[in-house]
Amino acid sequence: DAMTHRGPDDRGTHRAPGVAFGVRRLSVVDVEGGHQPFSNDDGSVWGMQNGELYNHAVLREELQGAGHHFASRCDTEVLPHLYEQDGDDLPARLMGMFGLAVWDDRRRRALLARDRLGIKPLYYAEVGDVLVFGSELKSVLASGLIPPDLDYDAIDTYLTFGFFAAPTTPLARVRKLLPGHRLVVEYGRVRTEAYWHYPEPEVADPPLSEREYRDGLLDGLDTAVRRRLMSDVPLGAML
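What you are looking at is a predicted structure, and each value in this text was computed from that prediction instead of being measured. (Residues numbered from 1 in each chain as written. Predicted model: local features only at pLDDT ≥ 70, side-chain atom pairs only at ≥ 80, totals over all residues. Heavy atoms only, no water.)

**Some words on the overall build of the protein chain**
No. 1: Counting its regular elements, the protein chain contains six helices and 11 strands.
No. 2: Radius of gyration (C-alpha) of the protein chain: 19 Å, near the 18 Å computed for a compact globule of 239 residues.
No. 3: By the burial criterion, 40% of the 239 residues in the protein chain qualify as buried.
No. 4: Sequence separation of 24 or more characterises 52% of the internal contacts of the protein chain that already satisfy a separation of 6 or more.
No. 5: With the model as given, the accessible surface of the protein chain reaches about 13,900 Å², and the carbon-plus-sulfur share is 54%.
No. 6: Charge separation in the protein chain, taken as the distance between the mean sites of 27 positive and 37 negative side-chain charges, equals 3 Å. (Helix = DSSP H or I, 4+ residues; strand = E, 2+ residues; numbered from the N terminus. Rg over C-alpha atoms; globule rule 2.2 N^0.38 Å. Buried < 20%, exposed > 50% of the residue type's maximum accessible area, 1.4 Å probe, protein only. Contact = heavy atoms within 4.5 Å. Areas by Shrake-Rupley, 256 points an atom, 1.4 Å probe, with all protein chains shown as cover. Lys, Arg positive; Asp, Glu negative; His and termini not counted. Charge placed at Lys NZ, Arg CZ, Asp CG, Glu CD.)

What follows is the structure, given as structure tokens:
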């Protein structure tokens, strides 16, 4: 509820022994049926996200072919089903911007992930045997479990360079999950690891002409924009 301004259209929660998920939704895809969190067919895996998955239709078709069933057209619904199929490799299958969380009730484990370039934020803190996470610092603080102690070294970095160097935040106990990383909670432990690395530039052989580079850039931009036009509500563009 501390993030109602980010998701004024819907509110969803899931509670079970060992886990509590809460999500606010700004309805973009499947306005009526996209209520989060979503579960798999038998309710043993739950998923939610802040973001958009541009390749969800392709993933949905693949999963339906493997016997998975869907109740909506919402992109988020692919998460629990894709986790059943690919496990911790789930984020590497996604094309989009996201901070996501999946709970596996049978194995008593959680998977969190942030998109490759860190477009969407994801903050977390360990407090005893509890992991608290959210897409805004204020929601992590709203748990009442995190002391408001400040990280003065991080603040000094911000005042010097104009940004908080990841994984630090203004709060001493809270960290940012790095772009292209996942966080796994399992066996009473928390571990973070990279699932993606920025690709090394490739030199064309034979070399491309200026026209080929230009046309390739424009084709790439056209493809990227077309993927991001996925919406059931009016779109705007800001340059």
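**A short note on the pattern of salt bridges**
No. 1: The full count for this structure, using the stated rule, is 18 salt bridges.
No. 2: Between Asp105 and Arg108 there is a salt bridge, with its nearest N and O atoms 2.8 Å apart.
No. 3: One connected set of salt bridges, linked through shared partners, spans Asp88, Arg107, Arg109, Arg182, Glu186, Arg191 and Glu193. (Salt bridge = Lys/Arg side-chain N within 4 Å of Asp/Glu carboxyl O.)

**Concerning the nonpolar core**
No. 1: By size, the foremost hydrophobic cluster in this structure holds 18 residues, and its most contacted members are Leu79, Leu90, Leu94, Phe98, Leu100 and Val102.
No. 2: Where this core is concerned, the elements lending two or more residues are strand E4 (45–53), helix H1 (56–65), helix H2 (78–86), strand E5 (96–104) and strand E6 (109–114).
No. 3: With four residues, the single largest contributor to this core is H2.
No. 4: Excluding residues within four positions of it along the chain, Leu79 makes contact with Met48, Gln49, Leu53, Leu90, Leu94, Leu100 and Val102.
No. 5: Formed by 13 residues, the second largest nonpolar core is a distinct cluster that contains Met48, Trp103, Leu122 and Leu183. (Core = buried A, V, L, I, M, F, W, Y, C linked by side-chain atoms within 4.5 Å.)

**A word on the packing of aromatic side chains**
No. 1: Using the criterion set out here, one finds four aromatic pairs in the structure.
No. 2: With a centroid separation of 6.4 Å and an interplanar angle of 45 degrees, the aromatic rings of Phe161 and Phe163 are classed as tilted.
No. 3: Relative accessible area serves as the criterion here: at 58%, Phe161 is assigned to the exposed category.
No. 4: When the centroid spacing of 5.9 Å and the interplanar angle of 75 degrees are considered together, the rings of Trp196 and Tyr198 count as edge-to-face.
No. 5: A residue is classified by how much of its surface remains accessible, and Trp196, at 26% relative accessible area, is partly exposed.
No. 6: Above the face of the Phe70 ring, Arg60 is positioned so that its terminal group lies 4.7 Å from the ring centre. (Phe/Tyr/Trp six-rings, centres within 6.5 Å; stacked < 30°, edge-to-face > 60°. Lys NZ or Arg CZ within 6 Å of the ring centre and 35° of its normal.)

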